[in-house]
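Residue strings, one per chain:
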Amino acid sequence: MITVIGSINMDIVVKTDIFPKQGETVLGNLFTTIPGGKGANQAVAAARLGSPVQMIGAVGEDSFGKELYSNLKNENIDVEAIAKTTNSTGIANILLHDSDNRIIVVPGANFDVTKEVVDANLERIKKSSIVMMQLEIPVETIEYVLDLCQQLNIPVLLNPAPAGNFKKEWIEKVTYLTPNETECEYLFGADVEAILSKYPNKMIVTLGGDGAAFHNGEKFVKITGYKTTPVDTTGAGDTFNGAFAHAIISGYSIDKAVQFANIAASLSVEKFGAQGGMPSNEAVLARMEELK
Ligand code: RIB
């Protein structure tokens, strides 16, 4: 069982060909609301690949909350531990421009994922093969879960996004840390190879279209990106994380798990929306076969 303790957001997406300067108004060419949130996205990615997934999170008692709850349920995720609170459901304001995205998250109910919520779900957490977290819920909750999982001997995958909330002392407590290149540079500096060699088989840096890298204890390993034509890169990192967790609990080596996650992430950008392009296990395996 994969347990995701994390955020659930409604993504409020605007696409524009012209990125406005400060004080300028421009006309965009698309507006939509679509399910997102790093926690929910990672849960969906793992569930689509066939892993049993439970989500511990919170939504508001508003229309977004209802929609997001149903969406996760429809993705075969166990939603019993999703709290409904008096705060508004979290949202992410996403600006798509020039094949990339800029995101502002307003956490709302995600900040109601407290230590008490974790305690209330202790028996569920004990059933986990791996716990996955990101940094869109309160920092105190992350710290609490890290200690809990250490006591319970449950592996933790921490995706340090947004990186501003990360604390370096957590590294010893996590099994896998998965920053992207920007987060890695912000947290540890620009020399990716040197940083990875300090945390072998633990830190995996995702490199967008260029793939991913880690150190296997003997050498630096770079998994090349699969070239694709991206429609929307939102959620590619989340797909990587969900797919990596799925692969690890399925018994893959780290090397194979990174390859698998890399292919899953490359497939995910071929469709619109954070969750829109997340692939099935069959689709990932078929693409892996093609690449042999
Ligand atoms: O990683 C992409 C996600 O970040 C979006 O779905 C948005 O909700 C934000 O959490």
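The structure under discussion appears in the preceding block.
This one's a predicted model, so the numbers in the text were calculated from it and none came from an experiment. (Residues numbered from 1 in each chain as written. Predicted model: local features only at pLDDT ≥ 70, side-chain atom pairs only at ≥ 80, totals over all residues. Heavy atoms only, no water.)

## Quick notes on the overall build of the protein chain
Okay, so step 1: Looking only at helices and strands, one finds 10 helices and 13 strands in the protein chain.
Okay, so step 2: In terms of C-alpha radius of gyration, the protein chain reaches 18 Å, essentially the compact-globule figure of 19 Å for 292 residues.
Okay, so step 3: When the backbone C-alpha atoms are referred to their principal axes, the protein chain occupies close to 50 × 45 × 35 Å.
Okay, so step 4: Across the protein chain, contacts joining residues at least 24 apart in sequence account for 67% of those joining residues at least 6 apart.
Okay, so step 5: With the model as given, the accessible surface of the protein chain reaches about 13000 Å², and the carbon-plus-sulfur share is 50%.
Okay, so step 6: One way to put it: in the protein chain the 24 positive side-chain charges average out to a point 3 Å from where the 35 negative ones average out. (Helix = DSSP H or I, 4+ residues; strand = E, 2+ residues; numbered from the N terminus. Rg over C-alpha atoms; globule rule 2.2 N^0.38 Å. Contact = heavy atoms within 4.5 Å. Areas by Shrake-Rupley, 256 points an atom, 1.4 Å probe, with all protein chains shown as cover. Lys, Arg positive; Asp, Glu negative; His and termini not counted. Charge placed at Lys NZ, Arg CZ, Asp CG, Glu CD.)

## Re the site of the ligand
Okay, so step 1: In the neighbourhood of the ligand, 13 residues make up the surrounding shell, with Asp11, Gly37, Lys38, Glu136 and Asp238 lying closest.
Okay, so step 2: At 3.0 Å from an oxygen atom of the ligand is found a side-chain nitrogen or oxygen belonging to Asn41.
Okay, so step 3: Between an oxygen atom of the ligand and a side-chain N or O atom of Glu136, the distance comes to 2.8 Å.
Okay, so step 4: Its free accessible area being 280 Å², the ligand has 96% of it covered by the protein chains.
Okay, so step 5: Listing elements by their share of the shell around the ligand, those giving two or more residues are strand S2 (9-15), helix H1 (38-48) and strand S7 (100-106).
Okay, so step 6: Per-class residue counts for the shell around the ligand are four nonpolar, five polar and four charged. (Near = heavy atom within 4 Å. Polar contact = N/O pair within 3.5 Å; in protein donor to acceptor, adjacent residues only side chain to side chain. Nonpolar A, V, L, I, M, F, W, Y, C, P; charged D, E, K, R; others polar.)

## Some remarks on the side chain of Asn121
Okay, so step 1: Assignment of secondary structure puts Asn121 in the loop between helix H3 (115-120) and helix H4 (122-126).
Okay, so step 2: The class of Asn121 is buried, set by a relative accessible area of 11%.
Okay, so step 3: At a separation of 2.8 Å, a polar atom in the side chain of Asn121 contacts the main-chain carbonyl oxygen of Val117.
Okay, so step 4: Excluding residues within four positions of it along the chain, Asn121 makes contact with Ile56 and Ala81. (Buried < 20%, exposed > 50% of the residue type's maximum accessible area, 1.4 Å probe, protein only.)

## Side note on the packing of helix H9 (residues 254-268) against helix H10 (residues 281-290)
Okay, so step 1: The N-to-C vectors of H9 and H10 enclose an angle of 105 degrees; their axes lie 9 Å apart at closest approach. By the angle class used here, H9 and H10 are roughly perpendicular. Seen from H9, the contacting residues are Lys256, Gln259, Phe260, Ile263, Ala264 and Leu267; seen from H10, they are Asn281, Ala283, Val284, Leu285, Arg287 and Met288. (Axes fitted to C-alpha atoms, helices over the stretch in contact; angles between N-to-C directions. Parallel < 35°, antiparallel > 145°, perpendicular 65-115°, else oblique.)

## Describing the sheet that holds strand S8 (residues 130-133)
Okay, so step 1: Taken in spatial order, the six strands make up an open sheet running S5-S4-S1-S8-S9-S10, and their pairing is parallel. On the outer flanks of this sheet lie strand S5 (82-85) and strand S10 (176-177), each paired with one strand and no other.
Okay, so step 2: The pairing of strand S1 (residues 2-5) with strand S4 (residues 53-60) spans four bridges and is parallel. Residue pairing in the sheet places Val4 in a bridge with Met55 of S4. (Pairing = 2+ DSSP bridges.)

## Some words on the packing of aromatic side chains
Okay, so step 1: If you walk through the whole model with that rule in mind, you get six aromatic pairs.
Okay, so step 2: Here the aromatic rings of Phe166 and Phe188 are separated by 6.4 Å at their centres, their planes lie at 65 degrees, and the arrangement is edge-to-face. Residue Phe166 is located in the loop between strand S9 (156-158) and S10, and its partner Phe188 is located in helix H6 (residues 181-188); the two are separated by 22 residues in the primary sequence.
Okay, so step 3: Between Phe240 and Phe244 the ring centres are 6.3 Å apart and the planes differ by 5 degrees, which places this aromatic pair in the stacked class. Remark: Phe244 and Phe240 occur in helix H8 (residues 236-249); sequence separation between them is four residues, near one turn of the helix. Residues Phe240 and Phe244 agree in their burial class; the two are buried.
Okay, so step 4: Through successive ring pairs, a cluster of aromatic residues spans Phe166, Trp170, Phe188 and Tyr199.
Okay, so step 5: If you follow Lys84 out to its NZ or CZ, it ends over the ring of Tyr69, 3.9 Å from the centre.
Okay, so step 6: Over the aromatic face of Phe19 sits the side chain of Arg102, whose NZ or CZ is 4.1 Å from the ring centroid. (Phe/Tyr/Trp six-rings, centres within 6.5 Å; stacked < 30°, edge-to-face > 60°. Lys NZ or Arg CZ within 6 Å of the ring centre and 35° of its normal.)

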